[in-house]
Amino acid sequence: MVVPRTWTPHYGPVLLGVGDDDPAKAAVAFTEDEAMLRAAAIALVHVWAAGPAYPSPLHFVDYPWEAIRDAAETVLQGAATGIRGRHPESDVATTLIEGPTIPELVEAAQTAQLLVVARADRGILKDLLQLGSVAHDVLLNAPVPVAIVPAQRVETLPAWPFGPPESTLSWG
């Protein structure tokens, strides 16, 4: 979790930025846990936009706007339905926004107490060396604390390759 230096604590929802696909289960679980710990509402935000390089010069006429918007709404409502099913007592709000992802997500986070985004599982080397573009850009611009949750939550630490590490300290 990263807290901006200029942030002033305030009460608001725990906001989950929902991506284009089904939301990462670990990010949803983290959002649910944080909202319960903070006694806060959950806000789900999905930002969608038309592809920047749509090839037709008549893109305003033949672009499938409704189908893309409906697909985005389906992903958002699916996430909300899952949370409401697991936590019927929770206040879950959804917002679907058309526009550029980072500015819209940062704007939506203004009233939140925490912004949660998932980090895609892209392989060991890439996961060690870099964040995804959304996570990176949100961190640079966030007005509130940000939690970047890996796609898969590791419940237990892996075993040492040759047994437990030896300690030279004695706790006697």
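Everything that follows concerns the structure shown earlier in this document.
Some thoughts on the sheet that holds strand β5 (residues 146–150)
No. 1: Spatially, the five strands line up as an open sheet ordered β3-β2-β1-β4-β5, and their pairing is parallel. The open sheet terminates on both sides in strands that have one partner only, identified here as β3 (92–98) and β5. Shown here is a sheet whose adjacent strand axes are inclined to one another by a mean of 25°, direction ignored.
No. 2: Lying over the sheet, helix α3 (residues 65–86) contacts β2 (42–48) and β3, oriented at roughly 160° with respect to β3.
No. 3: Set on the sheet, helix α6 (residues 133–141) makes contact with β4 (114–119) and β5; between it and β5 the angle comes to about 165°.

Some thoughts on α3
No. 1: Here α3 spans 32 Å end to end across 22 residues, near enough to the 32 Å set by a 1.5 Å rise per residue.
No. 2: Residues A72, V75, L76, A79, A80 and I83 constitute the buried set of α3. For α3, the arc enclosing every buried residue in end-on projection is 125°, short of the 170-degree limit, so these residues lie on one face. Those residues of α3 that are exposed and aimed more than 90 degrees away from the buried face are E66, T74, T81 and G85.
No. 3: Structurally, α3 contributes buried residues whose contacts are with α1 (25–38), β2 and β3.

Rules and cut-offs
- Note on numbering: residues in each chain are counted from 1, in written sequence order.
- Only residues with pLDDT of 70 or above have their local features reported here, since the model is predicted, and side-chain atom pairs are shown and tallied only from 80 upward, although totals for entire chains, interfaces and linings are computed over all residues.
- Values shown for side chains rest on all heavy atoms present in the structure; no hydrogens or waters enter the calculation.
- Whether two strands pair comes down to DSSP finding at least two bridges between them.
- Numbering of helices and strands runs from the N terminus, with a helix taken as a DSSP run of H or I at least four residues long and a strand as a DSSP run of E at least two residues long.
- With axes taken as lines fitted to C-alpha atoms, and helix axes fitted only over the stretch in contact, angles between N-to-C directions fall between 0 and 180 degrees.
- Here, residues are in contact when the closest pair of their heavy atoms is within 4.5 Å.
- To estimate the expected span of a helix, count its residues, drop one, and scale the result by 1.5 Å.
- Remark: exposure states derive from per-residue accessible area (1.4 Å probe, protein chains only) relative to the maximum for the residue type, with buried under 20%, exposed over 50%, and partly exposed in between.
- It is the directions from the helix axis to the C-beta atoms whose arc is reported.

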